[in-house]
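Each chain is listed here by its residues.
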Amino acid sequence: MTRMSAEQRHRVRFILNGEPVDRMCEPRVLLTDFIRHEIGATGTHVGCEHGVCGACTVEIDGWPARACLTLALQIDGCKVRTVEGLTGKQGRLGVLQSAFRRNHALQCGFCTAGILISLDILLARDPRADEAEIREVLTGHLCRCTGYAPIVKAALEAAAALRGDTNREAIDA
Amino acid sequence: MDANAAAGAPAARSWIGQSIPRVEDKALLSGRGRFIDDLGVRPGTLHAAILRSPHAHANIVSTDVDAAKLARGVIAVLTGQDIKALTASLVVGVKAPVECWPIAVGRVRYAGEPVAVVVAESRYLAEDAIDLIEVEYEALPPVIDPIRAMDADSALLHDGFPNNIASDRSFKYGEPDQIFAEAERIIGISIRYPRNSCTPIETYGVVAEYDPGEQAFDVLANFQGPFSIHAVLSRALKVPGNRLRLRTPPDSGGSFGVKQGVFPYIVLIAAAARATGRPVKWIEDRLEHLTASVSATNRATTLRAAVTDDGRILALDWDQVEDCGAHLRAPEPATLYRMHGNLTGAYDIAHVAVRNRVVVTNKTPTGLNRGFGGPQVYFALERLVHRIAVELKRDPVDVISCNLVPAGAFPYRTATGALLDSGDYPTAVARAVSEGGLAELKARREKVRAEGGIYGIGYTAVVEPSVSNMGYITTVMTPAERRKAGPKSGAQATATVSIDPVGSVSVQVASIPQGQGHRTVLAQVVADVLGLTPTDIRVNAEIDTAKDAWSIASGNYASRFAPAVAGTTKIAAERLAGKLARVAAAGLNTESDDIVFAGGFVLSKRNPDNKAPFSRIAALSHWSPGALADDVGQTIRETAFWTPSELSPPDDHDHINSSLCYGFIFDFCGIEVDRVTLQPRIDCYVTMHDCGTILHPAMVDGQVRGGFAQAVGAALYEEYAYAPDGSFLAGTFADYLLPTVAEVPEPLILHMQSASPFTPLGSKGVGEGNCMSTPVCIANAVADALGIADVELPLVPARLAEVLRGAEAAAPSSRSATRPGERKLSGEGSAMVAATPQQVWSMLLDATTLSAVIPGCNAVKKISDTDFKADVTVRVGPVKSNYRARVTLIDLDHPNGVTLIGTADGALGFGAGKGRITLAPVAGEGTSVHYRYEAEIGGKIASIGGRLLDGAARVIIGQFFIALARQTARSATGGDRSIWTKLRGWLGGRR
Amino acid sequence: MKPAAFDYVRAESLDEALEVLRHEGSDARVIAGGQSLMPMLNMRLSKPRVLVDIMRLEELRKVEPRQGRIVIGAAVRQAELLEWPSLARELTLLSLALPWTGHVQTRSRGTICGSVAHADPSAELPLTLLALDGEIILRSARRQRRVAARDFFRGVMATDRNDDELIEMVELPTTNGKRCAFREVARRHGDFAIVACAAVETDRGARLAIGGVADTPVAREFDRLGGSALDDALNALAWDLDARDDFHATARYRRDLVRMIGRDLIAEVTR
Ligand code: FES
Ligand code: FES
């Protein structure tokens, strides 16, 4: 049995946005602090640290999850994706991100990373997701700026593009 | 000159008015935003955590920081006295002998007030040390209700505020007394506007550093302005303004006014940096933010109107009691005076009486919040208009319409001094009624009602002020005091446009956006002037007070961006364009008024083929300054300052044009109330806006939607609630309920554009309007649906049950009636113990037994026969916390009964309780122990676990009696298993 | 808002986990999905000396039928169970209640058994377990024991679990075509229930369970009653729950909901 002691740093290895990470951390370190301040992936934000606001949402093994309710040590061996992993080479925005931009689905952008992750997972699993499903997923996020309507619209537009209902190239521009 | 107009066919190339994609978005969408906590810090930076008061009102008897100082990674622990030694009191918004510190000094005045700051190598370690600080408090009576605060027998928060009143001013405009005396009718309303906040998703952050060599501070904070606060800060930090460099990060995660309230923490963290000699960083957490950052004011208002029988309002009589919380922090009491010029709303009312009182209570100090004064004023005014319609049996739209400022009356001077700049209110109402489908909505109401549903329609008309007159706050002073203090007014805006050696254009403004897309709009504005595209322009909207042009009015508040900052930027760009035109004219051999800027070229209007690339002309000032005509000077950088002449100080009769621009909003909505849950659901919402010229339609709609969503929260869900003992009850996002996508419908947004004659671009502010109009519109609809006169926000369904359902089905006869709704915990029960009353009695009075029966008791010290001190670990499920408890026994009635009075203090808060234990012998079985208790619990646990507190207390008290029963059973009979087992099941506890 | 320090044990076997619990007792906490525990750690309401992570234990990851009952292991996440193809058929009530549990972003990690262990009186899963007359299988280094749901929940976050025990699994009778209904009233979707009601058809009528009102979920049998007899029985239940006022709802409002929703749900399952 390995008991990892509170005051020492312990090894944690996982895949972040396709790249292997091999670092050390104390048992109590939250995944939010770890990816933001240890690794420097600051795109994931922290709004409440008690699991309600959704700003910290990241993808863990294919599921959207609250990074603030996850210990860094718990993700040893997992695949993690954050907002940084959504953007293509040379900073090219993906379909969902472009739809956000076109629809003004963000203002301050603080909540946005988490919302993009939740929606990205939903649409990757099922681009036929309808408005009700999109809204259901969004109830797990708080946005204080937009009033949500443009976020729903952007998600619907992205879903349509991913299904091929609209010209993807035009959307991507 | 107006380069834009000169350019000819401006429509074809005007960027203003187009909803172009925002320049901000690419970075934000790919995780490359630069918010304060994303920036990293200098090596060696320390991290602060703050110990906060669990009490609303208490003296600090002692503070023991020794253990904390020795804790791992701790560099310093600073108490109120330490901070006081390094700083000066923050200035208070009224003249009074009152101090205001960013941390409690000797006394705490609200739950959550800072009591000590730990500076350590990491935030984790700092929080560890916080847990080791021991503070002894002596509780004082809390003052929570603003009206009761003024009672002679209420405790005083500050000696310098007699009766807890910080200010009391009365005003008369026109002849209100006479009008009321002669009125056909007087209709009045009394309302309470609750506490709430626009709570951005990003919390406060400060990174501060002190250079002892130059005695200067360098501070990075997600502060939003106004920069009048810079003067407050440098004074508090005891340095000249030029030794406080204040910078903001490039991105800020929303503010809505709230981040003005970070300023006391700037003082606190800067002082900590000075004390430690190291950079110190503090990122507020959500519990701190909800409990203690800042709140909008709650207000108690009585408003009366003198009304004609056909609904014309002739006079208003306002009596407003503003609750600013525990300290009057700058710029308060500004919330109360921001609307002073437009207290008559959208209406033509010539006679107004006002009494404004500002009180302090044991709650979090107040500050800027979107809507700032508007929600409070319009909740009273528009509820009153609704009441007038009900009482006169008239359609509310008719009552609104017959009182509106008439179309041709602009600019219109209100009774209290505002100069309403432009608009056509009747047309706006008429358009909203037809385009918003009011007739269909009314039909729908009839249909739903006919089917047995509960449905109502509400309306509001408001003017939305923007660009604050920095002098409005001086209306709180008497004219004589103002004369002594010197005039204050204006709204100085600044903007700089500069050109680099390759002719590319940069813009720098001190507007500090928090998501509003300022950088995009300014690129549009400047692109139009210089004939470029927005992507050619790079805008920086951060501030660095050591390098930038700024004034006390700088910052992101009072919806001043579009009317003031964008306009000033246009002026700066035009000045540069004027000079460049002269430079170009020389080069192109023509007159400067023949020059236009278009498509990236500078060209002759008469002969468009005669042209030069913009960048060539633009860069000339760098490469060949001598080639420029002398009177052109340079074209490298132009800084414009702009303040509107309409913003003068209050006059000797207290008339004040409190804002420069006044937009107009007319809203109506349909609300259905669920028969079972009583939850109001917004069925349809229509909002008509006239915010002058629109610069970027999508952003304007974004502001409307965002304000609307926050207003839905304020109307239906959000409240910074306090218990009667001053405990804060909404300390988590599970209790302070921001609306989610499921709660916010999409409003129908309509626009008119009556350009403001007073702003360079004709635009007015738009961001705050729905925070003013929507809460009361929803309240009016619910009042209409339920046929009730009193509506309290937020509209918590449970509160409607009593109003709507009358008496409830009685309890079956065996059961006692319901308890009153206070947060007092109480209960009773009894247990059988296999011992004589005498045996039980002696155990209750014995320290060893007590330590065995008090759940989690580590040690009991007997102070006297009836006084005990105990260290207790309380445990409920995963919750575990240590308390220092004191128990006193009174009313000893040997061996029949005793009363225990106890208090406890610990990291999770405090508790106080009283319990009566009575012992009665039961033949053949032993003693029946009966207990009855009443307890109060406050502090952190109340604000984050309030929902579970009652039940958790029952678990603990149950543990006590189970243990008592077990202990007595053991010592009396050597451990009677059967009784023990019986008891255990009976009391429903654990081993 | 950072957790206090703790040791961390990533258990490689159930015995290992139980050994830690035997040694540390109440100073140890089991962490599975962490969706109830982590907020308490972050707020420092809970400061265990050691955290025992059981999510790597394959033996706890199963959902399987066992003699007309369904066993759900301690490491089964709520989201995984929602994807179990037989859920709607075998455990109809659970399939109705699970979507009310938190949000997709918390169900992804939160476990069924974790929610049961936490015993929040407003939580949906303890309520469902009780309504279905389920059992909790507790395991310590010494023994395994079963406790009926009706005996397990003792108070707010207080259960019959001893400090050296963990919930190994829960066991539920299949609903097997019995009619079920679930309804919940919360301030917002996904919030803790003000009142949550679950009803299951029984041979003699219906069982109605109520969460969010008393210190634990409470279930009661309703034999075929109608009219005012049913109203009286529901009224008695409403009052028996000893509802309290808090800042989101009043006691009276809660009783109203118990009476009204209770009546609707009983009608739905006995129709
Ligand atoms: S920071 Fe994780 S949910 Fe708010
Ligand atoms: S864009 Fe600011 S919180 Fe969502």
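Named according to an unreviewed UniProt entry, chain C is FAD binding domain-containing protein originating from Bradyrhizobium jicamae.

This part takes up the interface of chain A and chain B. Taken together, the contact pairs 47 residues of chain A with 53 residues of chain B. Across the interface of chain A and chain B, roughly 4,100 Å² is buried in total on both sides, 59% from carbon and sulfur atoms. Area buried by chain A at its contact with chain B is led by R101(A), H104(A) and R144(A), which between them contribute 22% of it. The interface formed by chain A and chain B includes six salt bridges.

Time to look at the side chain of N222(B). Residue and element names in this part refer to chain B. Looking at the secondary structure, you find N222 in the loop between strand 10 (216–221) and helix 9 (228–236). A relative accessible area of 1% places N222 in the buried class. Polar side-chain contacts of N222 include one of 3.0 Å to the backbone oxygen of T203. When residues no more than four places from it in sequence are discounted, the contact partners of N222 are I36, E202, T203, Y204, G205, P249, S252, K259, V262 and Q514.

So, on to the UniProt feature "domain: FAD-binding PCMH-type" (unreviewed entry) in chain C. As annotated by UniProt and renumbered to match this structure, "domain: FAD-binding PCMH-type" (unreviewed entry) occupies residues 1–177 of chain C. This span, residues 1–177 of chain C, is 32% helix and 25% strand, and a straight line between its end C-alpha atoms measures 47 Å.

The next subject is empty space enclosed by the protein. All names here are of chain B. Enumeration according to the criterion identifies 14 cavities of 30 Å³ or more in this entry. As a volume, the second largest cavity reaches approximately 160 Å³. Residue lining of the second largest cavity: 22 residues in total, with Y193, N196, C198, R370 and P375 positioned closest to the centre. When residues of the lining of the second largest cavity are traced back to their parent elements, those giving at least two are helix 13 (374–391), helix 21 (697–716) and helix 22 (769–786). Among the elements that take part in the lining of the second largest cavity, helix 21 stands out by supplying three residues, more than any other. Grouping the constituent residues of the lining of the second largest cavity by class yields 10 nonpolar, nine polar and three charged.

All right, on to unusual backbone geometry then. Residues and elements named next belong to chain B. Residue P226 is bonded to the preceding G225 through a cis peptide linkage, with omega at 0°. Tracing the backbone shows P226 in the loop between strand 10 and helix 9. Of the consecutive residues F410 and P411, the connecting peptide bond is found in the cis state with omega at -10°. With respect to the helices and strands, the residue P411 is situated in the loop between helix 14 (396–403) and strand 16 (412–413). You will see that F256, though not glycine, has its phi angle at about 60°, which is positive. Residue class for F256 comes out buried when judged on its relative accessible area of 13%. Positive phi outside glycine occurs at F372, with the angle close to 20°. Relative to the helices and strands, F372 resides in the loop between strand 15 (351–359) and helix 13.

Our next topic: the sheet that holds strand 4 (residues 107–108) of chain B. Residue and element names in this part refer to chain B. Strand order in the open sheet made by the three strands is 4-2-6, with antiparallel pairing throughout. Two strands close off the open sheet at either side, each with one partner strand: strand 4 and strand 6 (134–139). Two strands pair when backbone bridges link them, and strand 2 (residues 58–64) and strand 6 are joined in this way by six bridges, in the antiparallel orientation. Across the sheet, the residue bridging to T63 is V135, located in strand 6.

Procedures and definitions
- Residues numbered from 1 in each chain as written.
- Chains lettered and ligands numbered in written order.
- Predicted model: local features only at pLDDT ≥ 70, side-chain atom pairs only at ≥ 80, totals over all residues.
- Heavy atoms only, no water.
- Contact = heavy atoms within 4.5 Å.
- Buried area = accessible area lost by both parts, 1.4 Å probe.
- Salt bridge = Lys/Arg side-chain N within 4 Å of Asp/Glu carboxyl O.
- Helix = DSSP H or I, 4+ residues; strand = E, 2+ residues; numbered from the N terminus.
- Buried < 20%, exposed > 50% of the residue type's maximum accessible area, 1.4 Å probe, protein only.
- Polar contact = N/O pair within 3.5 Å; in protein donor to acceptor, adjacent residues only side chain to side chain.
- UniProt positions renumbered as here; feature names shortened; annotations may be inferred.
- 1 Å grid on protein atoms, 1.4 Å probe; cavity = no way out; pocket = protein on both sides within 12 Å on 5 of 7 lines; lining within 4 Å.
- Points joined across faces, edges and corners; volume = space filled by probe spheres on them.
- Nonpolar A, V, L, I, M, F, W, Y, C, P; charged D, E, K, R; others polar.
- Pairing = 2+ DSSP bridges.

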